[in-house]
Amino acid sequence: MGYKLTPLGVWGYVVAVTIVQMLLVRYQSLSSSVLNPVIIVLAFSEAALIVMFGLQIWYEKPFIILAVASAFFTALAITLALGSIAH
Amino acid sequence: MAFASVAEPAATYQSLFNLYLIFAIIAGTITIGSLILFPILYRRKGTDEEPRTEKKQRGNLKVIGLVIVLMIATLSTTAYASFTVKDFYLRHPDCKTAICVEVEGFQWAWNFTYPNGKNVVGLLRVPQDTPVVLNVTSRDVFHSFAIQGLRIKTDAILGRHNVIWFSAPGSCSSFGKSGFCEYRIQCFELCGLGHAFMTGRLIVMDPTSFSNYYNSSGP
Amino acid sequence: MVKTWLKRWLYTTDHKDVGILYFVTSFYFAFLAALLALFMRTQLAIPNNKFLAAAEYNQAVTMHGLLMVFWFLSPLGIAFANYFIPPQIGAKDLAFPRLNALSYWLYAFGGLVAFIGFFSPGGAANAGWTNYSPLTSIQFSPNAGETLAAAGLIIVSASVTVGTINILTTILFHRAPGMTFMKMPMFTWFIFFTMLQMLWAFPSLLAGLIMLESDRILGTLFFTSVAGGSILWDNVFWFFGHPEVYVVLLPAIGAVMEIFQVFTNRTLYAKKIAVAAGFAIVTISFMIYGHHMFLTGINVTEQEVFTINTEAVSVPFGALMVIFIATMYRSAVKLATPMLFALGSLAIFVVGGLTGVFNSSLALDIAQRGTFFVVGHFHYVMVGASLFGLFGATYYWWPKMTGKMLSESLGKLHFIVSIIGFNLIFFPMFFLMDMPRRIVTYTADTGWGPLNLIASIGSYIFIFGHLIFLSNLVRSYSRGPPAGPNPWHGTTLEWTSWKGGGPSPMGVGASSIGRPILSSLSADPHNVKSSHGSIGPEIAHQHWSSRPIQLSLGLSIALAGLGFGFPIFVLGLVLLTWALVGWASDDLHDKFMVPDEPPGDRWPFQTTTKLKLGMWAFISSEFTFFGVLLGSYAFVRYNFSYWPPPGSIHNIPVAGVNTIILLTSGLTMLLAVQSIKTGAIKHVRTLLGSTLALGVVFMIIKGSEWYDLLTGSPPFTPQTGLPGSTFFVITGIHGAHVIAGLVALVYLLVRTRNGWTPGKRATVEHFGLYWAFVDMVWVFVFPLLYLV
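### Examining the overall build of chain A
In terms of regular secondary structure, chain A is built from three helices and zero strands. Ordered by position from the N terminus, the helices and strands of chain A form the series α-α-α. Scaling as 2.2 N^0.38, a compact globule of 87 residues should have a C-alpha radius of gyration of about 12 Å, whereas chain A reaches 16 Å, well beyond that. Dimensions of chain A, computed from C-alpha atoms along their principal axes, come out at roughly 55 × 35 × 10 Å. For chain A, the proportion of its 87 residues judged to be buried stands at 31%.

Now the structure itself:
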């Protein structure tokens, strides 16, 4: 039974966050310049959990090298491209 | 050695180029020289045939450290000089003191529109020693507008406006058919079949001739 | 007799055979590309020449670049990597032999797809190897050739992705006991660096190509709209393009390091620094691509960053130069042909690298951009440094590949003619800074005639050098003097231990590297003279599969169908499906057996499995792929003043429910994986089935969502605007990944219907990684496309 806790916990979190994200947009209580970053940060938190447990980094820690490197180069691509927009 | 000069982008450019060239020649001579010299100096003399391998890493790392420090120092200098020159290129005068011309590239020619609405294709006439600001864009594909003789260039992209400027002296080494100083305008980005033929002429006139031209209706 | 020969070469999965295939094919493409270059130089020799028309010239210059970069230089490096990495690290073969063959056939057929453009109406691709937008849009390049070239590149991207995973897993997993990272030969190290660059660079190209083909065929607006367009392509292409040029270079530098050590009879000076420099080059190379965009109008601060970073990359290269020179200090240099080419490669690289510093300046680039100065620079690094290094590698490793020696005198002649010819072509170009690139002709009054004539004469001399080379290869292969197992007294394992015998007393110094390499070949009586002896029938049986070539053919025909029409696309898909089913069926019946590598040095992945590592490498590249795709979406949005507010087009509650469905399928999958790990396998198949069911529901809901959007009033389609283009392409690609996962799930369920073996349990874990990744992507796609 114990081994089911982690998957259920992860699932519970991501479903809850999904609902929260939808509610935030539905009720537009914040301006979009604050709302959008919040939603994106929430998405990152979901991704972190999935990467940690779904992609097994929690159980086989050396893979974190690949995860961090991939995240680094991808972030680099996006940052440099978006940075080129500013005048 | 002044890097920023008001009138002549070409001279400014050349100073910067020469700075890089000096460093390049020094670095190149030492490196290529060693690559040629060392095989001769340390050629195999017949007795050193058996493969030698050392377990410990070979070499005094101070040499590499020194080279890296030298490189960083050199590259910092060149970067700083480049930034200064680029800054000069970017600080264009406004349209009160300069003649602002709209430049539009299309397949396969350059369209120039003067402040008074005068519109000419392929030919840009300017008065000498006067700042001219060019606002460059494209009507279709990616082109690149350049007057190489004056060392100015910018890309011509649909939806973007890139600004460059120059001020051409009245005396030069390349007189054209018009009897005035002429410079070649050309496209520097592959833009289709007519890329090689997407040229134009810059004609640098004396103030009176330019005035007559500007107020007339012909090309 | 012919049938066995054919069967061997079409179906081989042995790394040496695949290496030979890469070797021969890359020279074939080089020959085609060199012919194109010869045509171009002939055309440019004199002003106003009429040898080639503009249309022909543009095709020549485009295809010359594409073929040389993607189908010659890089694959030649991979040929040597294939052949020599396993012996260098003490392995029997690459990690995934069938994937190796797949890489090769994808590469070969991809080249044919691109080249066939020459025979299509409108001719081959003609917008430059850089494929700038909007010239490559269907409006300005209506010819099928551009579609075919992009399709060929997509196929090559697939080839590279597969090959990268393979070689990285091999280096991480197949090292013999005692072969720690620091004991690895420098060639293997530099291939390792090359693979790292490919892993993260090619996905960007792939994303760009998919968006490009989508623009051309589906009418989306990624690169044709004003909001993004050219600059988006510039970013996406050059993020790939700059690391790519080091991908082309690093294998040659690795080979030069090997050659240097053998022909100076010393170990490399400061080997640890060389490795550190390699890591620095890999990292920095991704941060400098903006030097191709200095004049596009991007903001100055970013330009300054790119200037500094580009200058920074010359520091590790400078360190490498010191290392090479210092290795020669107080050594015993023997100027055999491999060493001549190695030295030549480095000398030419210095010129190329220094002119690169000129181009790194955001100010100097104002005059140099788009001119022959740049053409001179990159040919010095690509042809000079890379090609000469690879020529050296050929002379160096030929005796091991064929068991014959090449002629030293012809080799030296080749070197002299090449060095002269090469410099005659490209050095004058540094004085042609006023001449634009890619122009079909020029007028006499420009004064460019004399230098162009010299360059063209040089090109004929250079080609003559290649003919000398070719004759040397042919002569040696057919009747050259036999070579011993170690003619150069090399110390790396491919020379010292490839005898089927005991450990090498020298070289890496650790006697724990000792198992007989290639024990399966020790029965080969030709083994002592040449490692490339005939492969006995039992080996051929173990080591062949017909599926890689079938799969590659299917995929290539399908993608060629993008240019040739829907029937061809369908034909390709049918063939592809048949090959995939065949591959799966082979696995179900355990038809392809490769002996396992005994455990060796696997740091830092000691506790994981080979397939898991391969899956992780694959996910790493996919991560970048989706990152670039979503980044392009963000780029486009930032540039677009108007974007439909959330909820105005899409049905958020439905999408939210669908998201939860997909996440729940992730839960059942994760439970399945955890069950496998804890041994509770009773319910695993039910969990897999639930995952499958939930995934199918997800796709059905997505399909109905699409249907409603496409048939709504007004219709929301990929062609109506960027919101449509981005939505359909991104969710479409994600959906394709889901479907692929569902197909794999079906296969998993079929495979496990008769009980569980350790291998089958592991497969569930590996699939779990993929499925978690697909979930993770959606966790970003959902808010980005629906909520913000």
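### Regarding the overall build of chain C
Summing up its helical and strand segments, chain C has 23 helices and zero strands in all. Relative to the compact-globule value of 28 Å for 788 residues, chain C shows a C-alpha radius of gyration of 27 Å, a close match. Over its C-alpha atoms, taken along the principal directions, chain C stretches across nearly 75 × 70 × 50 Å. In chain C, buried positions account for 62% of the 788 residues.

### Considerations on the confidence of the model for chain C
In low-pLDDT regions, the fine details of the predicted coordinates are not to be read closely. In the predicted model, chain C carries a mean pLDDT of 90, and the fraction of residues at 70 or more is 94%. Note that pLDDT drops below 50 for residues 500–541 of chain C; the model gives that stretch 71 contacts with residues more than four away or on any other chain.

### Some words on the domain arrangement of chain C
Residues and elements named next belong to chain C. Domain parsing of chain C yields domain 1 (2–507 + 538–542) and domain 2 (647–788). With nine residues of domain 1 at the contact, the number on the domain 2 side is six residues. Here the residues of the side of domain 1 that touches domain 2 are counted per class, giving five nonpolar, four polar and no charged.

### Considering the packing of helix α5 (residues 144–173) of chain C against helix α17 (residues 547–564) of chain C
All names here are of chain C. Running from amino to carboxyl end, α5 crosses α17 at an angle of 155°, the nearest separation of the two axes being 8 Å. In terms of axis orientation, α5 runs roughly antiparallel to α17. Considering how the two elements wind past one another, α5 and α17 form a crossing that is right-handed. Along the contact surface, α5 presents Ala-144, Thr-147, Leu-148, Ala-151, Ile-154, Ile-155 and Ala-158, while α17 presents Leu-555, Ser-556, Leu-559, Ala-560, Leu-562, Gly-563 and Phe-564.

### Notes on the interface of chain C and chain A
Between chain C and chain A, the residue contacts involve 50 residues of the former and 41 residues of the latter. Of all elements in the fold, only α6 (186–218), α7 (229–264), α19 (610–639), α20 (652–678) and α23 (758–787) of chain C reach the threshold of two or more residues within the side of chain C that touches chain A. It is α20(C) that provides the largest number of residues to the side of chain C that touches chain A, a total of twelve residues. Counted by class, the side of chain C that touches chain A contains 30 nonpolar, 18 polar and two charged residues.

### Quick notes on the arrangement of the chains
Contacts between protein chains span two pairs of chains, and they are most numerous for chains B and C. Contact between chain A and chain B is absent, and the least distance between their C-alpha atoms amounts to 11 Å.

### Digging into the interface of chain B and chain C
Taken residue by residue, the interface counts 67 residues in chain B and 74 residues in chain C. Elements supplying a minimum of two residues to the side of chain B that touches chain C: α1 (9–41), α2 (61–90), β7 (152–156) and β9 (181–187) of chain B. Broken down by element, the residue count for the side of chain B that touches chain C peaks at 16 residues, all from α2(B).

### Details of the sheet that holds strand β10 (residues 199–205) of chain B
Residue and element names in this part refer to chain B. The five strands are arranged β4-β10-β9-β6-β7 in an open sheet whose pairing can be described as mixed. Taken across any chain shown, the strands that pair with only one partner, and hence form the sheet edges, are β4 (123–127) and β7. Taken over all neighbouring pairs, the strand axes of this sheet differ in orientation by 20° on average, direction set aside. Sheet topology places β4 next to β10; five bridges connect them, and they run parallel. From the neighbouring strand, Val-126 faces β10, where its bridge partner is Val-204. The strands touched by helix α3 (residues 207–215) are β4 and β10; relative to β4, the strand with the most contacts, the crossing angle is about 130°.

### A closer look at the nonpolar core
Residues and elements named next belong to chain C. In this structure, Ile-155 and Ile-323 are the most contacted members of the largest nonpolar core, which totals 340 residues. Per-element accounting of this core gives the leading share, 22 residues, to α7. In this structure, Ile-155 is in contact with Leu-106, Phe-109, Gly-110, Val-113, Leu-555, Ser-556 and Leu-559, ignoring residues within four places of it in sequence.

### Re the sheet that holds strand β3 (residues 119–121) of chain B
All names here are of chain B. If you walk across this open sheet you meet the five strands as β3-β2-β1-β5-β8, and the pairing is mixed. Edge positions in the open sheet fall to β3 and β8 (162–167), since each of these has one partner strand only. Neighbouring strand axes in the sheet, compared pairwise and without regard to direction, differ in orientation by 25° on average.

Here is what the cut-offs are and how they apply
Residues numbered from 1 in each chain as written. Chains lettered and ligands numbered in written order. Predicted model: local features only at pLDDT ≥ 70, side-chain atom pairs only at ≥ 80, totals over all residues. Helix = DSSP H or I, 4+ residues; strand = E, 2+ residues; numbered from the N terminus. Rg over C-alpha atoms; globule rule 2.2 N^0.38 Å. Buried ≥ 20, exposed ≤ 12 C-beta atoms within 10 Å, placed from the backbone. pLDDT = per-residue confidence, 0-100. Contact = placed C-beta atoms within 7 Å. Domains from an automatic or database assignment. Nonpolar A, V, L, I, M, F, W, Y, C, P; charged D, E, K, R; others polar. Axes fitted to C-alpha atoms, helices over the stretch in contact; angles between N-to-C directions. Parallel < 35°, antiparallel > 145°, perpendicular 65-115°, else oblique. Left-handed = near helix turned anticlockwise from the far one by under 90°. Pairing = 2+ DSSP bridges. Core = buried A, V, L, I, M, F, W, Y, C linked by C-beta atoms within 7 Å.

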